[in-house]
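Notes for the structure review
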Amino acid sequence: MAKFNLFFPMICVAALAVFSACGHQTPEEEPVMDLTVFSEAFTEEFQEKIASKNDGELIAFFKLNRSKEAITTLVDILKNKKNYNVQCHLDFANAKFDQYNGESAIAVIPVTLVNPHFPDQEPERFTIQTSFTKFGDAFLITEIDGDLLHQRHHAFYQRDFWATEFALEYEKRKGVYDIVERLQSGVDSIIWFTRYQDRLYFYFTKGEWANPKYVYDIEKIDSTAKPSPFYKMGLLDEKGSVIIPAEYDLIGTLGFDMANLVEVKDQGKYGMYHLESKLPVIPAVYDVLIPYSGEKNVIIAKDGNRTGWFSSDFLYSEGLPPIAQIDDFLANYRYLNKDLIIQQGNQAMMEIPKQEHLGDGFVVPPSYLVSMQVMDTIENGFMTTRHVFNAGIERKEFTGFSIQTLKDKFNAFIVLVKEKYMEGREEFYHYNKMMVTDDQNKIQSVQKYSGMDMMSIRYIAESDLFEGKTTHPYWFWEIDVPESGISNYYYFQIEENGNFQDLPNQRIFAQTKFVKMDSSYLKGKYLINMDEGTSVKTDFLSAHTIQFMLDELLADNGYLFPDSERGSYFYYLNYHYEENVLEKEPSLEKVVQQLSEIERHNFDFLGGLLPKTLASR
């Protein structure tokens, strides 16, 4: 299963709200609820669960690929149990629902945080966004800004301390804000400021600019909240001198790869400006620009099938530069395989010159990263302050790169990413970002998979599917799996036309669902933490974990365990386990009969490794 992106800043969940359509009808007859009915049904259901004295009813709305602690934290915030000095109120009356088509929808819900002990204290107001998808006759919330809620809640709880820090950070920027006010009179809008080589620069636009990357309010789902086709961007220094005229659609992060150079983009084409000379040293007519540093510093320029290069003096030549390893550098995408770290101090982070956006850093990555979708056109959420105010990513590291051949004409480009997220429920987050390309290097799909190390992919011809394998980044001792370092498997298919399909899975051990297992799926380098801080190494999964794999397979097929406590371990498969107990099958024999051929093989294989008394329970 694909990694749920907990920190960009969306939390992906498998279920947060369930409500059924009225009446009993076949799918062909089932009416599509209008948006008003849909929103009212959701609001009523969600409010009831928040108000319920039984936490399990609200937990049943969540299906996170996270620990119980993370789920409990979110529930405690919503039920005002996280901290008695902070009360969280969701303003459903002013929630905005949009993009409803009968199968999916999104909603933005206003949130207010108040301190009941200091009623005169200014409340914290923001919004969280949720996404819904229909599964059967139920709607499930599949995305929620949970980390934003957690971050704002924590910051509000610490407000007295943060107020002092915020005032200091604001004072540092007061002079910048004053300059912006002065410069504003001569342009339509100052959208960002940055400091590069001890000099201030200001990104400005002619025409209307609205960038949804930085909007944490109801407009984030408004179709008009996007860059206007009628704006152009430029760059000023603090004296108001024009460094780059307002003739471009986007101006990159200053000096991202080479000193005093910045990429500019116009109508989908890229060029470069030199900051000191204020001259366009490379015209904006290229699809991608690739810097090379070595025996010579050059910039490769590609435009369609045409390739050329610019020398350090910005003289253009057709073909490739006379550098021995340049063919390998380009053919094997060596420019993507570097230890890139995005953080304040490494790049000239931009900020929006407004107090409410203080501390939220932006980068506009270069074209060679954007063209391969390693990074987005604009990325924000990077901390530019010591403490968390409006952003939580301290740094983002690209720690590995791999090209793997898939079947026929498709390749997988994979980058391994590690993020340090401050004030989150975890500190470090690891994932593989995979770009599937065809034989023309056109990207067909982009996917993210949670994992500590580089994912390896193999094709399983028998099932006509691909298997991705990496090391799971999380512990599962809370659900009766004592080992760390267990392998994390993902399964997907690629059709001849390039259509990509992740195979749906909710199990921790996805291999029990999609492949006929052998002992290779149980071998590895594992660590079991024991009492008193000791640990034991092992190269084979324990009987305890094998039993869990077997029980998970049965639970996912509706088996009702005689031991209700055992069934509760599989809450992530079905949060309504206790509520739906009558719908489950108490007969092990009947459940086994309905298993797929693959699952039956795995049931017999895993059961054969266990004592008979355990395997038959």
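Up top is the structure.
For clarity, every value in this text was computed on a predicted model and none was experimentally measured. (Residues numbered from 1 in each chain as written. Predicted model: local features only at pLDDT ≥ 70, side-chain atom pairs only at ≥ 80, totals over all residues. Heavy atoms only, no water.)

**Side note on the pattern of salt bridges**
Rules: Between Lys or Arg on one side and Asp or Glu on the other, a salt bridge is scored when a side-chain nitrogen of the former is within 4 Å of a carboxyl oxygen of the latter. By the criteria applied, helices consist of DSSP H or I runs no shorter than four residues and strands consist of E runs no shorter than two, each listed in order from the N terminus.
Counting across every chain of the model gives 30 salt bridges. Between E318 and R306 there is a salt bridge, with its nearest N and O atoms 3.4 Å apart. Of the two residues, E318 sits in strand β18 (residues 316-318) while R306 sits in strand β17 (residues 306-310), which places them 12 residues apart along the sequence. Residues joined in a network through salt bridges with shared partners are K269, D287, D303, R306 and E318.

**Concerning the side chain of N432**
The test is simple: The buried label goes to any residue with under 20% of its type's maximum accessible area, the exposed label to any with over 50%, and the partly exposed label to all in between, with areas taken from a 1.4 Å probe on protein chains only. Any pair of N or O atoms that falls within 3.5 Å is considered a polar contact. Within protein, one atom must be able to donate a hydrogen and the other to accept it, and sequence-neighbouring residues count only if both atoms are side-chain atoms. The contact criterion used is simple: two residues touch if any of their non-hydrogen atoms lie within 4.5 Å.
Tracing the backbone through its elements, the reader meets N432 in strand β25 (residues 428-437). For N432, a relative accessible area of 0% corresponds to the buried category. Only 3.1 Å separates the side chain of N432 from the backbone oxygen of D453, close enough to count as a polar contact. Discounting chain neighbours no more than four positions away, the residues touching N432 are I414, V415, L416, Q447, K448, Y449, G451, D453, M454, M455 and T470.

**Some thoughts on the sheet that holds β18**
What holds strands together in a sheet is hydrogen bonding between their backbones, with the strands either parallel or antiparallel. For clarity, the cut-off: Only strands that DSSP links by at least two bridges are regarded as paired with each other. Working convention: axes come from line fits to C-alpha atoms, limited for helices to the stretch in contact. Angles between N-to-C directions cover 0 to 180 degrees.
Reading across from one edge, β15-β16-β17-β18 is the order of the four strands in this open sheet, with antiparallel pairing throughout. Across the chains shown, the open sheet's two edge strands, defined by having one partner strand only, are β15 (288-292) and β18. On average, adjacent strands in this sheet sit at an angle of 25° to one another, irrespective of strand direction. In the sheet, β17 pairs with β18 via three bridges, with the strands oriented antiparallel. Paired with F310 across the two strands is Y316, which belongs to β18.

**Side note on unusual backbone geometry**
Backbone geometry places Q373, a non-glycine residue, at a positive phi of 60°. Looking at the element boundaries, Q373 is found in the loop between α7 (367-371) and β22 (379-383). Looking at Q373, the relative accessible area reads 36%, which means it is partly exposed. The phi dihedral of D464 is positive, around 50°, even though this residue is not glycine.

**A closer look at the packing of helix α3 (residues 68-78) against helix α4 (residues 146-157)**
Formally: Definitions for this section: a left-handed crossing has its near helix turned counterclockwise from the far helix by less than a right angle. A right-handed crossing has that turn clockwise. By the convention adopted, Pro, Cys, Tyr, Trp, Phe, Met, Ile, Leu, Val and Ala count as nonpolar, Lys, Arg, Asp and Glu as charged, and the other residues, Gly among them, as polar.
Running from N to C, α3 and α4 point in directions that differ by 65°, and their axes come no closer than 11 Å. As for how α3 packs across α4, the hand of that crossing is left-handed. Judged by residue contacts, T73, L74, I77 and L78 of α3 engage G146, L149, H150 and H153 from α4. Along the lines of polarity and charge, the residues of the contact of α3 with α4 split into four nonpolar, four polar and no charged.

**Some remarks on helix α1 (residues 35-51)**
Defined as follows: Expected span, for any helix, means 1.5 Å times one less than how many residues it has. For this quantity, the arc is that covered by the directions from the helix axis to the C-beta atoms.
An ideal rise of 1.5 Å per residue puts 24 Å on 17 residues; α1 measures up with 24 Å between its terminal C-alpha atoms. Listed in full, the buried residues belonging to α1 are F38, S39, F42, T43, F46, K49 and I50. Here the buried residues of α1 occupy an arc of 140° about the axis, which is enough to place them on one side. What points out from α1, more than 90 degrees from its buried face, is the exposed set E40 and A51.

**A few points about the nonpolar core**
To be explicit about the condition: Residues belong to one nonpolar core when they are buried, are Ala, Val, Leu, Ile, Met, Phe, Trp, Tyr or Cys, and are joined through side-chain atoms within 4.5 Å.
Among the nonpolar cores identified, the biggest contains 72 residues, and L90, F132, L149 and Y491 are the most heavily contacted of them. It is helix α9 (residues 543-556) that contributes the most residues to this core, seven residues altogether. With residues near it in sequence (within four places) discarded, F132 still touches F38, F42, F97, E103, S104, A105, I106, A107, F139, L140, I141 and T142. In terms of nonpolar packing, the next biggest core, distinct from the first, is built from 35 residues, I300, I323, I326 and M435 among them.

**Details of the packing of α9 against helix α12 (residues 597-608)**
Stated formally: Relative orientations are named as follows: roughly parallel for angles under 35 degrees, roughly antiparallel for angles over 145 degrees, roughly perpendicular for angles from 65 to 115 degrees, and oblique for any other angle.
Running from N to C, α9 and α12 point in directions that differ by 150°, and their axes come no closer than 10 Å. The orientation of α9 relative to α12 falls into the category roughly antiparallel. Note on packing geometry: the crossing formed by α9 with α12 is left-handed. Contacts between α9 and α12 pair I546, M549, L550, L553 and L554 from the former with E599, N602, F603, L606 and G607 from the latter.

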